[in-house]
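Topology and contacts: notes
One letter stands for each residue in the lines below.
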Amino acid sequence: MVIGIIGAGASGMAAALAAAELPEARVVLLERQARVGRKLQATGNGRCNLTNLHALRGGYHGQEPDFWGKALERFGPEETLGWFRGLGLFTVAEESGRVYPYSDQANSVVDVLRFALDRPNITLKTGFEVEKVRKTSAGFRVEGAGETVECDRLIVACGGLAGTKLGGSMSGYKLLRSLGHHCTKLRPALVQLKTGWSGVAALKGVRANCHAEIYRGETLISRSTGELQFTEYGLSGPVIFEISRDVCQGAGDWRCRLDFLPEVSREELAGELLRRKGTRLPVSELLTGILHNRLGRVLAQAVGIVGSGFAAEVSEDSLWNLAQTVKGFEVSLTEPLGMDSAQVTAGGILTSEFDPETLESRLVPGLYACGEVLDVDGDCGGYNLQWAWSSGRLAGTSAGRNMI
Ligand SMILES: Cc1cc2nc3c(=O)[nH]c(=O)nc-3n(C[C@H](O)[C@H](O)[C@H](O)COP(=O)(O)OP(=O)(O)OC[C@H]3O[C@@H](n4cnc5c(N)ncnc54)[C@H](O)[C@@H]3O)c2cc1C
(Lines give C-alpha, C1' and ligand atoms only; values in the text may rest on other atoms or scores of the structure.)
Protein backbone atom coordinates (compact mmCIF):
# COMPACT_ATOMS: atom_id res chain seq x y z
CA MET A 1 0.00 0.00 0.00
CA VAL A 2 1.38 3.36 -1.06
CA ILE A 3 1.11 6.71 0.76
CA GLY A 4 1.85 9.64 -1.53
CA ILE A 5 2.97 12.92 0.08
CA ILE A 6 3.17 16.17 -1.87
CA GLY A 7 5.82 18.52 -0.44
CA ALA A 8 9.04 17.68 1.41
CA GLY A 9 9.02 20.68 3.73
CA ALA A 10 8.68 20.52 7.50
CA SER A 11 5.25 18.88 7.66
CA GLY A 12 5.77 16.61 4.63
CA MET A 13 9.01 15.16 6.04
CA ALA A 14 7.38 14.65 9.45
CA ALA A 15 4.45 12.91 7.73
CA ALA A 16 6.75 10.68 5.65
CA LEU A 17 8.78 9.57 8.69
CA ALA A 18 5.64 8.87 10.73
CA ALA A 19 3.99 6.87 7.93
CA ALA A 20 7.18 4.92 7.26
CA GLU A 21 7.26 3.69 10.88
CA LEU A 22 4.51 1.27 9.81
CA PRO A 23 6.36 -1.55 8.07
CA GLU A 24 3.48 -2.20 5.63
CA ALA A 25 3.61 1.35 4.30
CA ARG A 26 5.52 2.39 1.21
CA VAL A 27 5.93 6.16 1.14
CA VAL A 28 6.48 8.24 -2.00
CA LEU A 29 7.53 11.79 -1.11
CA LEU A 30 7.31 14.31 -3.98
CA GLU A 31 9.12 17.65 -3.85
CA ARG A 32 9.16 20.19 -6.64
CA GLN A 33 12.41 21.87 -5.58
CA ALA A 34 15.84 20.31 -6.07
CA ARG A 35 16.21 19.57 -2.35
CA VAL A 36 14.09 18.99 0.71
CA GLY A 37 13.39 21.56 3.45
CA ARG A 38 14.42 24.66 1.51
CA LYS A 39 12.23 27.00 3.60
CA LEU A 40 13.16 25.19 6.81
CA GLN A 41 16.79 26.00 6.10
CA ALA A 42 16.01 29.74 6.16
CA THR A 43 13.92 29.71 9.34
CA GLY A 44 14.80 31.64 12.47
CA ASN A 45 17.33 33.78 10.57
CA GLY A 46 19.22 30.60 9.68
CA ARG A 47 19.02 29.28 13.27
CA CYS A 48 15.61 27.49 13.01
CA ASN A 49 13.38 28.14 15.99
CA LEU A 50 11.98 24.63 15.78
CA THR A 51 9.44 24.76 18.58
CA ASN A 52 8.26 26.67 21.62
CA LEU A 53 7.96 24.94 24.98
CA HIS A 54 4.71 26.90 25.64
CA ALA A 55 2.99 25.91 22.39
CA LEU A 56 0.42 23.71 24.15
CA ARG A 57 -0.96 26.83 25.88
CA GLY A 58 -2.12 28.27 22.53
CA GLY A 59 -0.86 30.94 20.16
CA TYR A 60 -2.65 29.64 17.07
CA HIS A 61 -5.19 31.37 14.80
CA GLY A 62 -7.71 30.42 12.12
CA GLN A 63 -11.46 30.29 11.60
CA GLU A 64 -11.61 27.29 13.95
CA PRO A 65 -9.30 28.55 16.69
CA ASP A 66 -9.05 25.16 18.50
CA PHE A 67 -8.40 22.96 15.45
CA TRP A 68 -4.66 22.71 16.22
CA GLY A 69 -5.27 21.24 19.70
CA LYS A 70 -5.68 17.52 18.89
CA ALA A 71 -2.49 17.32 16.86
CA LEU A 72 -0.44 19.11 19.55
CA GLU A 73 -1.95 17.09 22.41
CA ARG A 74 -0.65 13.93 20.74
CA PHE A 75 2.65 15.30 19.58
CA GLY A 76 3.55 18.52 21.41
CA PRO A 77 6.87 20.24 22.10
CA GLU A 78 8.09 17.52 24.48
CA GLU A 79 7.40 14.71 22.01
CA THR A 80 8.92 16.81 19.23
CA LEU A 81 12.16 17.28 21.16
CA GLY A 82 12.28 13.55 22.01
CA TRP A 83 11.70 12.70 18.35
CA PHE A 84 14.43 15.06 17.15
CA ARG A 85 16.81 13.73 19.82
CA GLY A 86 16.10 10.26 18.44
CA LEU A 87 17.04 11.54 14.98
CA GLY A 88 20.32 12.79 16.42
CA LEU A 89 19.58 16.50 16.91
CA PHE A 90 20.79 18.25 20.08
CA THR A 91 18.72 21.30 21.01
CA VAL A 92 18.81 24.20 23.44
CA ALA A 93 15.86 26.11 24.93
CA GLU A 94 15.90 29.84 25.65
CA GLU A 95 14.17 31.30 28.70
CA SER A 96 11.34 32.49 26.42
CA GLY A 97 10.58 28.85 25.54
CA ARG A 98 12.03 29.11 22.02
CA VAL A 99 14.06 26.05 21.08
CA TYR A 100 16.97 26.03 18.61
CA PRO A 101 19.40 23.37 17.43
CA TYR A 102 22.48 23.30 19.65
CA SER A 103 24.60 23.98 16.56
CA ASP A 104 22.59 27.22 16.03
CA GLN A 105 22.24 26.18 12.38
CA ALA A 106 18.95 25.42 10.65
CA ASN A 107 20.99 23.13 8.39
CA SER A 108 21.31 20.66 11.26
CA VAL A 109 17.52 20.26 11.43
CA VAL A 110 17.25 19.73 7.67
CA ASP A 111 20.19 17.29 7.73
CA VAL A 112 18.85 14.98 10.46
CA LEU A 113 15.50 14.83 8.64
CA ARG A 114 17.19 14.27 5.29
CA PHE A 115 19.27 11.39 6.66
CA ALA A 116 16.23 9.87 8.40
CA LEU A 117 14.33 9.83 5.09
CA ASP A 118 16.94 7.47 3.72
CA ARG A 119 15.11 4.23 4.52
CA PRO A 120 13.95 1.38 2.30
CA ASN A 121 10.23 2.15 2.45
CA ILE A 122 10.58 5.87 1.53
CA THR A 123 11.11 6.94 -2.08
CA LEU A 124 12.00 10.61 -2.39
CA LYS A 125 11.50 12.26 -5.77
CA THR A 126 12.86 15.81 -5.92
CA GLY A 127 12.29 18.08 -8.92
CA PHE A 128 8.78 16.57 -9.13
CA GLU A 129 6.19 19.34 -9.30
CA VAL A 130 2.71 17.94 -8.86
CA GLU A 131 0.40 19.61 -11.36
CA LYS A 132 -2.77 17.55 -11.04
CA VAL A 133 -4.34 15.16 -8.61
CA ARG A 134 -7.25 12.87 -9.50
CA LYS A 135 -9.33 10.62 -7.29
CA THR A 136 -9.52 7.12 -8.77
CA SER A 137 -11.52 4.09 -7.67
CA ALA A 138 -8.39 2.63 -6.03
CA GLY A 139 -6.93 5.83 -4.57
CA PHE A 140 -5.23 8.80 -6.23
CA ARG A 141 -3.35 9.56 -9.42
CA VAL A 142 -0.74 12.28 -8.91
CA GLU A 143 0.58 13.87 -12.09
CA GLY A 144 3.74 15.87 -12.65
CA ALA A 145 5.37 16.88 -15.93
CA GLY A 146 5.93 13.57 -17.69
CA GLU A 147 5.52 11.33 -14.63
CA THR A 148 2.55 9.91 -12.76
CA VAL A 149 2.43 8.33 -9.31
CA GLU A 150 -0.44 6.13 -8.12
CA CYS A 151 -1.12 5.92 -4.40
CA ASP A 152 -3.73 4.58 -2.00
CA ARG A 153 -3.61 7.49 0.42
CA LEU A 154 -2.53 11.05 -0.32
CA ILE A 155 -1.18 13.72 2.03
CA VAL A 156 -1.00 17.32 0.79
CA ALA A 157 1.87 19.08 2.61
CA CYS A 158 2.57 21.86 0.10
CA GLY A 159 2.88 24.69 2.64
CA GLY A 160 1.43 28.17 2.21
CA LEU A 161 2.00 31.20 0.05
CA ALA A 162 4.27 33.07 2.50
CA GLY A 163 8.00 33.28 1.75
CA THR A 164 7.51 32.96 -2.00
CA LYS A 165 11.25 33.19 -2.73
CA LEU A 166 11.78 30.12 -0.55
CA GLY A 167 9.10 28.07 -2.28
CA GLY A 168 5.83 29.43 -0.90
CA SER A 169 3.16 29.03 -3.59
CA MET A 170 -0.55 28.64 -4.33
CA SER A 171 0.01 25.05 -5.38
CA GLY A 172 -1.39 23.27 -2.30
CA TYR A 173 -4.51 25.43 -2.22
CA LYS A 174 -5.13 24.76 -5.94
CA LEU A 175 -4.64 20.99 -5.63
CA LEU A 176 -7.00 20.76 -2.65
CA ARG A 177 -9.57 22.99 -4.33
CA SER A 178 -9.47 20.73 -7.39
CA LEU A 179 -10.59 17.92 -5.05
CA GLY A 180 -13.55 19.96 -3.76
CA HIS A 181 -12.03 21.81 -0.76
CA HIS A 182 -12.47 25.53 -0.04
CA CYS A 183 -10.02 28.21 0.94
CA THR A 184 -10.33 31.34 3.11
CA LYS A 185 -8.88 34.68 2.06
CA LEU A 186 -5.07 34.54 2.41
CA ARG A 187 -3.11 37.29 4.20
CA PRO A 188 0.56 37.74 5.07
CA ALA A 189 1.28 37.24 8.80
CA LEU A 190 4.45 37.64 10.88
CA VAL A 191 5.51 40.36 8.51
CA GLN A 192 7.16 43.78 8.44
CA LEU A 193 4.95 46.85 8.55
CA LYS A 194 5.53 49.75 6.18
CA THR A 195 5.49 53.27 7.55
CA GLY A 196 4.78 56.61 5.95
CA TRP A 197 7.48 58.20 8.17
CA SER A 198 10.34 59.28 5.91
CA GLY A 199 12.91 59.24 8.75
CA VAL A 200 12.89 55.46 8.93
CA ALA A 201 15.44 54.94 6.15
CA ALA A 202 18.11 56.68 8.30
CA LEU A 203 17.60 53.96 10.93
CA LYS A 204 17.85 50.99 8.58
CA GLY A 205 19.54 48.11 10.43
CA VAL A 206 19.13 49.62 13.92
CA ARG A 207 17.75 47.25 16.57
CA ALA A 208 16.14 48.34 19.82
CA ASN A 209 14.27 46.73 22.66
CA CYS A 210 10.94 48.42 23.02
CA HIS A 211 7.30 48.21 23.93
CA ALA A 212 5.17 48.67 20.78
CA GLU A 213 1.47 49.50 20.61
CA ILE A 214 -0.64 49.57 17.44
CA TYR A 215 -3.53 52.04 17.27
CA ARG A 216 -6.29 52.51 14.74
CA GLY A 217 -7.43 56.05 15.45
CA GLU A 218 -7.61 56.16 19.25
CA THR A 219 -8.30 52.42 19.64
CA LEU A 220 -5.49 50.21 20.92
CA ILE A 221 -5.41 47.14 18.63
CA SER A 222 -2.42 45.18 19.92
CA ARG A 223 0.78 45.52 21.91
CA SER A 224 3.95 43.62 22.61
CA THR A 225 7.44 44.01 24.09
CA GLY A 226 10.63 42.76 22.48
CA GLU A 227 13.18 43.45 19.80
CA LEU A 228 12.40 45.93 17.02
CA GLN A 229 14.39 46.22 13.81
CA PHE A 230 14.19 49.25 11.54
CA THR A 231 14.25 48.50 7.82
CA GLU A 232 14.38 50.69 4.73
CA TYR A 233 10.60 50.86 4.58
CA GLY A 234 9.36 50.31 8.06
CA LEU A 235 9.35 48.24 11.19
CA SER A 236 10.34 44.62 11.62
CA GLY A 237 11.65 42.20 14.24
CA PRO A 238 9.93 39.86 16.71
CA VAL A 239 8.00 42.63 18.50
CA ILE A 240 6.40 43.71 15.20
CA PHE A 241 5.76 40.16 14.01
CA GLU A 242 3.85 39.56 17.24
CA ILE A 243 1.48 42.44 16.53
CA SER A 244 1.45 42.52 12.71
CA ARG A 245 -1.62 40.26 12.51
CA ASP A 246 -4.66 42.16 11.25
CA VAL A 247 -2.81 45.49 11.11
CA CYS A 248 -3.82 47.83 8.27
CA GLN A 249 -6.76 45.57 7.37
CA GLY A 250 -9.25 48.24 6.36
CA ALA A 251 -9.02 51.99 6.12
CA GLY A 252 -8.14 54.09 9.12
CA ASP A 253 -5.44 56.05 10.83
CA TRP A 254 -3.00 53.21 11.71
CA ARG A 255 -0.13 54.16 14.01
CA CYS A 256 2.57 52.46 16.02
CA ARG A 257 3.64 54.00 19.34
CA LEU A 258 7.10 52.93 20.47
CA ASP A 259 8.45 53.14 24.01
CA PHE A 260 12.20 52.68 23.69
CA LEU A 261 12.77 52.49 27.45
CA PRO A 262 9.84 50.51 28.81
CA GLU A 263 11.51 49.87 32.15
CA VAL A 264 12.48 53.50 32.83
CA SER A 265 9.91 56.19 33.71
CA ARG A 266 9.72 59.47 31.85
CA GLU A 267 10.69 61.25 35.09
CA GLU A 268 13.78 59.09 35.57
CA LEU A 269 14.89 59.66 31.97
CA ALA A 270 14.19 63.40 32.15
CA GLY A 271 16.23 63.51 35.40
CA GLU A 272 19.20 61.96 33.60
CA LEU A 273 18.86 64.37 30.64
CA LEU A 274 18.68 67.35 33.02
CA ARG A 275 21.85 66.08 34.74
CA ARG A 276 23.51 65.96 31.30
CA LYS A 277 22.47 69.58 30.74
CA GLY A 278 25.07 70.47 33.33
CA THR A 279 27.87 68.87 31.28
CA ARG A 280 29.77 69.75 28.10
CA LEU A 281 28.09 66.93 26.14
CA PRO A 282 27.38 67.80 22.47
CA VAL A 283 23.61 67.82 21.72
CA SER A 284 24.08 65.00 19.21
CA GLU A 285 25.21 62.79 22.14
CA LEU A 286 22.32 63.56 24.50
CA LEU A 287 21.05 59.97 24.45
CA THR A 288 24.46 58.30 24.22
CA GLY A 289 24.74 55.37 26.59
CA ILE A 290 20.96 55.05 26.67
CA LEU A 291 19.91 54.20 23.11
CA HIS A 292 21.60 53.18 19.85
CA ASN A 293 23.50 56.32 18.76
CA ARG A 294 21.66 56.67 15.44
CA LEU A 295 18.28 56.24 17.09
CA GLY A 296 19.20 58.77 19.78
CA ARG A 297 20.08 61.39 17.17
CA VAL A 298 16.91 60.80 15.16
CA LEU A 299 14.72 61.15 18.27
CA ALA A 300 16.54 64.34 19.33
CA GLN A 301 16.01 65.79 15.84
CA ALA A 302 12.32 64.84 16.03
CA VAL A 303 11.89 67.27 18.94
CA GLY A 304 13.99 69.97 17.25
CA ILE A 305 17.24 69.36 19.15
CA VAL A 306 19.72 69.81 16.31
CA GLY A 307 22.99 71.57 15.55
CA SER A 308 26.49 71.48 16.95
CA GLY A 309 25.84 73.08 20.33
CA PHE A 310 26.12 71.63 23.83
CA ALA A 311 23.54 70.02 26.11
CA ALA A 312 23.80 73.06 28.38
CA GLU A 313 22.15 75.19 25.65
CA VAL A 314 19.05 72.97 25.36
CA SER A 315 15.99 74.20 27.27
CA GLU A 316 14.51 72.13 30.11
CA ASP A 317 11.21 71.93 28.16
CA SER A 318 13.02 70.41 25.17
CA LEU A 319 14.66 67.81 27.41
CA TRP A 320 11.27 66.86 28.89
CA ASN A 321 9.92 66.64 25.31
CA LEU A 322 12.82 64.38 24.39
CA ALA A 323 12.09 62.11 27.38
CA GLN A 324 8.44 62.01 26.29
CA THR A 325 9.42 61.11 22.71
CA VAL A 326 11.72 58.28 23.82
CA LYS A 327 8.79 56.91 25.85
CA GLY A 328 6.15 57.35 23.12
CA PHE A 329 7.46 57.86 19.60
CA GLU A 330 4.67 57.56 17.03
CA VAL A 331 5.02 56.51 13.40
CA SER A 332 2.21 56.13 10.89
CA LEU A 333 1.63 52.70 9.32
CA THR A 334 0.57 52.22 5.72
CA GLU A 335 0.46 48.47 5.02
CA PRO A 336 2.14 45.16 5.75
CA LEU A 337 4.80 44.00 3.28
CA GLY A 338 3.60 41.27 0.91
CA MET A 339 3.69 37.48 0.96
CA ASP A 340 7.35 37.48 -0.21
CA SER A 341 8.40 38.88 3.14
CA ALA A 342 5.85 37.15 5.37
CA GLN A 343 6.91 34.19 7.52
CA VAL A 344 3.51 32.58 7.48
CA THR A 345 0.17 32.68 5.66
CA ALA A 346 -2.90 33.62 7.68
CA GLY A 347 -5.86 31.68 6.28
CA GLY A 348 -5.84 28.54 4.17
CA ILE A 349 -7.94 25.49 3.38
CA LEU A 350 -11.01 25.31 5.62
CA THR A 351 -10.25 23.17 8.66
CA SER A 352 -13.97 22.37 9.08
CA GLU A 353 -13.50 20.13 6.04
CA PHE A 354 -10.92 17.98 7.93
CA ASP A 355 -11.17 15.75 11.00
CA PRO A 356 -8.88 17.21 13.70
CA GLU A 357 -8.35 13.71 15.18
CA THR A 358 -6.79 12.32 11.97
CA LEU A 359 -6.43 15.25 9.52
CA GLU A 360 -8.37 13.19 6.98
CA SER A 361 -10.61 15.08 4.59
CA ARG A 362 -14.32 14.94 5.41
CA LEU A 363 -15.00 15.30 1.67
CA VAL A 364 -12.55 12.85 0.08
CA PRO A 365 -11.77 9.64 2.03
CA GLY A 366 -8.07 8.77 1.98
CA LEU A 367 -6.99 12.40 1.47
CA TYR A 368 -5.07 14.20 4.26
CA ALA A 369 -3.57 17.67 4.66
CA CYS A 370 -1.06 19.10 7.14
CA GLY A 371 1.05 22.17 7.80
CA GLU A 372 0.57 25.70 6.59
CA VAL A 373 -1.77 24.85 3.68
CA LEU A 374 -4.53 24.48 6.28
CA ASP A 375 -6.13 27.51 7.92
CA VAL A 376 -3.88 27.40 11.02
CA ASP A 377 -1.12 29.90 11.71
CA GLY A 378 0.84 30.48 14.86
CA ASP A 379 2.53 33.29 16.75
CA CYS A 380 6.17 34.17 16.30
CA GLY A 381 8.56 31.94 18.30
CA GLY A 382 8.49 28.36 16.99
CA TYR A 383 4.70 27.91 16.90
CA ASN A 384 4.45 27.42 13.13
CA LEU A 385 7.08 24.73 12.91
CA GLN A 386 5.52 22.99 15.90
CA TRP A 387 2.23 22.92 13.98
CA ALA A 388 4.09 21.52 10.95
CA TRP A 389 5.68 18.69 13.02
CA SER A 390 2.48 17.89 14.96
CA SER A 391 0.13 17.97 12.00
CA GLY A 392 2.61 16.17 9.74
CA ARG A 393 3.07 13.34 12.27
CA LEU A 394 -0.70 13.06 12.76
CA ALA A 395 -1.46 12.94 9.02
CA GLY A 396 1.34 10.39 8.48
CA THR A 397 0.31 8.01 11.27
CA SER A 398 -3.41 8.34 10.40
CA ALA A 399 -2.85 7.65 6.70
CA GLY A 400 -0.73 4.62 7.55
CA ARG A 401 -2.98 3.29 10.31
CA ASN A 402 -6.15 3.55 8.24
CA MET A 403 -4.63 1.23 5.65
CA ILE A 404 -4.24 -1.75 7.92
C1 LIG B 1 11.92 33.39 6.39
C2 LIG B 1 11.07 32.48 7.25
C3 LIG B 1 11.48 32.21 8.54
C4 LIG B 1 10.69 31.39 9.36
N5 LIG B 1 11.14 31.11 10.62
C6 LIG B 1 10.39 30.29 11.41
C7 LIG B 1 10.87 29.90 12.70
O8 LIG B 1 12.01 30.21 13.09
N9 LIG B 1 10.05 29.14 13.47
C10 LIG B 1 8.81 28.71 13.05
O11 LIG B 1 8.11 28.04 13.80
N12 LIG B 1 8.36 29.02 11.81
C13 LIG B 1 9.13 29.77 10.98
N14 LIG B 1 8.68 30.05 9.71
C15 LIG B 1 7.42 29.43 9.24
C16 LIG B 1 7.65 27.94 8.88
O17 LIG B 1 8.84 27.84 8.10
C18 LIG B 1 6.48 27.38 8.07
O19 LIG B 1 5.28 27.63 8.74
C20 LIG B 1 6.67 25.87 7.86
O21 LIG B 1 7.83 25.61 7.09
C22 LIG B 1 5.45 25.28 7.15
O23 LIG B 1 5.70 23.92 6.91
P24 LIG B 1 4.97 23.20 5.68
O25 LIG B 1 5.50 21.82 5.63
O26 LIG B 1 3.52 23.40 5.77
O27 LIG B 1 5.45 24.01 4.40
P28 LIG B 1 6.95 24.17 3.76
O29 LIG B 1 7.97 23.97 4.83
O30 LIG B 1 6.86 25.44 3.04
O31 LIG B 1 7.02 22.95 2.76
C32 LIG B 1 6.18 22.81 1.64
C33 LIG B 1 6.96 22.06 0.57
O34 LIG B 1 6.07 21.67 -0.47
C35 LIG B 1 6.71 21.85 -1.71
N36 LIG B 1 5.67 21.95 -2.74
C37 LIG B 1 4.73 22.91 -2.84
N38 LIG B 1 3.93 22.66 -3.91
C39 LIG B 1 4.37 21.52 -4.47
C40 LIG B 1 3.95 20.77 -5.61
N41 LIG B 1 2.94 21.13 -6.37
N42 LIG B 1 4.64 19.63 -5.92
C43 LIG B 1 5.70 19.21 -5.15
N44 LIG B 1 6.13 19.90 -4.07
C45 LIG B 1 5.47 21.04 -3.73
C46 LIG B 1 7.52 23.12 -1.49
O47 LIG B 1 8.56 23.23 -2.44
C48 LIG B 1 8.02 22.92 -0.08
O49 LIG B 1 9.26 22.27 -0.03
C50 LIG B 1 9.46 30.86 8.86
C51 LIG B 1 9.07 31.13 7.55
C52 LIG B 1 9.87 31.93 6.74
C53 LIG B 1 9.43 32.20 5.33
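Residues numbered from 1 in each chain as written. Predicted model: local features only at pLDDT ≥ 70, side-chain atom pairs only at ≥ 80, totals over all residues.

Details of helix α1 (residues 10–20)
- Most of α1 is tucked away: eleven of the eleven residues are buried.
- Residues of α1 that are buried include every one of Ala-10, Ser-11, Gly-12, Met-13, Ala-14, Ala-15, Ala-16, Leu-17, Ala-18, Ala-19 and Ala-20, and no others. (Buried ≥ 20, exposed ≤ 12 C-beta atoms within 10 Å, placed from the backbone. Helix = DSSP H or I, 4+ residues; strand = E, 2+ residues; numbered from the N terminus.)

Quick notes on the sheet that holds strand β16 (residues 234–236)
- Within the closed barrel, the six strands sit side by side as β13-β16-β15-β14-β17-β18. Their pairing is antiparallel. The sheet shows a mean angle of 45° between the axes of neighbouring strands, taken without regard to direction.
- In terms of strand pairing, strand β17 (residues 254–259) meets strand β18 (residues 329–336) through four bridges, oriented antiparallel. Considered in β18, the bridge of Arg-255 is made with Ser-332. (Pairing = 2+ DSSP bridges. Axes fitted to C-alpha atoms, helices over the stretch in contact; angles between N-to-C directions.)

Thoughts on the nonpolar core
- Residues Ile-5, Ala-15, Ala-16, Val-27, Ile-155, Val-156 and Ala-369 are the most contacted members of the largest nonpolar core, which totals 73 residues.
- Here the element with the most residues in this core is α1; it accounts for nine residues.
- Here Ala-369 is in contact with Val-156, Leu-176, Ile-349, Phe-354, Leu-359, Leu-374 and Ala-395, once residues within four sequence places are set aside.
- By size, the runner-up hydrophobic cluster in this structure holds 44 residues, among which are Ile-240, Phe-260, Leu-287 and Val-326. (Core = buried A, V, L, I, M, F, W, Y, C linked by C-beta atoms within 7 Å. Contact = placed C-beta atoms within 7 Å.)

Details of the sheet that holds strand β6 (residues 98–101)
- Taken together, the three strands give an open sheet; going across it, the order is β3-β6-β5, and neighbouring strands pair in antiparallel fashion. Each of the sheet's edge strands pairs with one partner strand only, and the pair in question is β3 (51–52) and β5 (91–93).
- Where β3 and β6 come together, two bridges link them in antiparallel fashion. For Thr-51, the partnering residue across the bridge sits in β6 and is Val-99.

Some remarks on the domain arrangement of the chain
- Split into domains, the chain comes out as domain 1 (2–188 + 340–401) and domain 2 (192–337).
- Placing the centre of domain 1 and that of domain 2 at their C-alpha centroids yields a distance of 39 Å.
- Counting from both sides, the interface comprises seven residues of domain 1 and, opposite them, seven residues of domain 2.
- Among the residues forming the side of domain 1 that touches domain 2, the class breakdown is three nonpolar, three polar and one charged. (Domains from an automatic or database assignment. Nonpolar A, V, L, I, M, F, W, Y, C, P; charged D, E, K, R; others polar.)

A few points about unusual backbone geometry
- Although it is not a glycine, Asn-45 adopts a positive phi angle of roughly 55°.
- Turning to its location among the elements, Asn-45 is positioned in the loop between α2 (38–41) and β3.
- According to the C-beta neighbour criterion, Asn-45 is exposed, with 8 such atoms within 10 Å.
- Phi is positive for Asp-104, close to 65°, though the residue is something other than glycine.
- Within the fold, Asp-104 resides in the loop between β6 and α5 (106–116).
- Here Asp-104 falls in the partly exposed class, since 13 other C-beta atoms lie within 10 Å of it.

Quick word on the packing of α1 against helix α11 (residues 383–401)
- Viewed as axis vectors pointing N to C, α1 and α11 meet at an angle of 35°, and their least axial separation amounts to 7 Å. Like other packed secondary-structure pairs, α1 and α11 cross with a definite hand, here right-handed. Only Leu-385, Ala-388, Trp-389, Ser-391, Gly-392, Arg-393, Ala-395, Gly-396, Thr-397, Ala-399 and Gly-400 of α11 make contact with α1, whose side of the interface consists of Ala-10, Ser-11, Gly-12, Ala-14, Ala-15, Ala-16, Leu-17, Ala-18 and Ala-19.
- For the contact of α1 with α11, the class distribution of residues is twelve nonpolar, seven polar and one charged. (Left-handed = near helix turned anticlockwise from the far one by under 90°.)

Concerning the packing of helix α9 (residues 293–302) against helix α10 (residues 316–327)
- Orientation of α9 relative to α10, taken along the N-to-C sense of each, is 125°, at an axis distance of 9 Å. Looking at the two axes, α9 sits oblique to α10. As for how α9 packs across α10, the hand of that crossing is right-handed. In this structure, α9 contributes Leu-299, Ala-300 and Ala-302 to the contact, and α10 contributes Leu-322, Thr-325 and Val-326.
- When its residues are assigned to classes, the contact of α9 with α10 shows five nonpolar, one polar and no charged. (Parallel < 35°, antiparallel > 145°, perpendicular 65-115°, else oblique.)

Observations concerning the environment of Leu-319
- Within the secondary structure, Leu-319 sits in helix α10.
- Overall, the presence of 24 C-beta atoms within 10 Å leaves Leu-319 in the buried class.
- Here the alpha-carbon distance between Leu-319 and Glu-73, two residues 246 residues apart in the chain, equals 54 Å.
- Once you skip the residues sitting within four places of it in the chain, Leu-319 turns out to touch Ala-270, Leu-273, Leu-274, Lys-277 and Val-314.

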